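Coordinates in review
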Amino acid sequence: MRRSSLRIAPAHVAQQSRTAVGLPPARGLLIESVRAQSPAHAARLAPGDLLIEANGSRLQSLTCLERALPATAGAVSAVVQRGQTVRNETIAVPALNAA
């Protein structure tokens, strides 16, 4: 079974968190934690980052993220926002049965 390399908050929590620290609202999923040595860590994702898109799909819910992830090992093209800076990242996704 695959261990999660991210803990993600729903979109409404992301909106509230951004507003609380004085950032303008933005749609996406808030990264709450990133496991060290994980594919997400290698892609430079960090707590507080906002996942805006995955494989061309806008992320408005956790269900949107699940649908955007490949069923097998592969790569995810993601749009990530940190503060006001938006960047593209490629994240390796291990096979579902990988540790």
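Here goes a summary of the coordinates provided.

Rules used in this analysis
- Residues numbered from 1 in each chain as written.
- Predicted model: local features only at pLDDT ≥ 70, side-chain atom pairs only at ≥ 80, totals over all residues.
- Heavy atoms only, no water.
- Salt bridge = Lys/Arg side-chain N within 4 Å of Asp/Glu carboxyl O.
- Helix = DSSP H or I, 4+ residues; strand = E, 2+ residues; numbered from the N terminus.
- Buried < 20%, exposed > 50% of the residue type's maximum accessible area, 1.4 Å probe, protein only.
- Polar contact = N/O pair within 3.5 Å; in protein donor to acceptor, adjacent residues only side chain to side chain.
- Contact = heavy atoms within 4.5 Å.
- Arc of directions from axis to C-beta.
- Pairing = 2+ DSSP bridges.

Side note on the pattern of salt bridges
Inspection of the entire model under this criterion finds 6 salt bridges. The salt bridge involving Arg 44 is made with Glu 89; its shortest N-O contact spans 2.4 Å. Note that Arg 44 is positioned in the loop between α2 (39-42) and β3 (50-54) and Glu 89 in strand β6 (residues 85-93), a separation of 45 residues in sequence. Overall, Arg 44 belongs to the exposed group, its relative accessible area being 52%. Between Asp 49 and Arg 87 there is a salt bridge; the shortest N-O distance is 3.9 Å. Of this pair, Asp 49 sits in the loop between α2 and β3 while Arg 87 sits in strand β6, placing them 38 residues apart in sequence. Take Asp 49 and Arg 87: they sit in the same class, and that class is buried. Where salt bridges share partners, they join Arg 44, Asp 49, Arg 82, Arg 87 and Glu 89 into one cluster.

A word on the side chain of Asp 49
Its relative accessible area of 1% is what places Asp 49 among the buried residues. Of the polar contacts made by the side chain of Asp 49, one reaches the backbone nitrogen of Ala 46; its length is 2.9 Å. Apart from residues lying up to four places away in sequence, Asp 49 is in contact with Leu 29, Leu 30, Ile 31, Arg 44, Val 80, Gln 81, Arg 82 and Arg 87.

Observations concerning helix α1 (residues 11-20)
What sets the pattern is the α-helix's 3.6 residues per turn: residues three or four places apart point alike. Where α1 is concerned, the buried positions are Ala 11, Ala 14 and Arg 18. Down the axis of α1, the smallest arc covering the buried residues is 50°, so these residues share one side. Exposed and facing more than 90 degrees away from the buried side of α1 are Gln 16, Thr 19 and Ala 20. In this structure, the buried side of α1 is in contact with β1 (6-9), β2 (29-34), β3 and β5 (74-82). Two residues or fewer after α1 comes Gly 22, characterised by a positive phi angle close to 85°.

Details of the pairing of β3
Successive side chains on a regular strand alternate, one facing one side of the sheet and the next facing the other. Counting buried positions along β3 gives 4 out of 5 residues, so the element sits mostly inside the fold. Direction of pairing for β3 relative to strand β4 (residues 57-58): antiparallel, over a ladder of 2 bridges. Bridge pairing in β4 places Ala 54 opposite Ser 57. From the end of β3 to the start of β4, which pair antiparallel, there are 2 residues, and Asn 55 there has a positive phi angle of about 50°.

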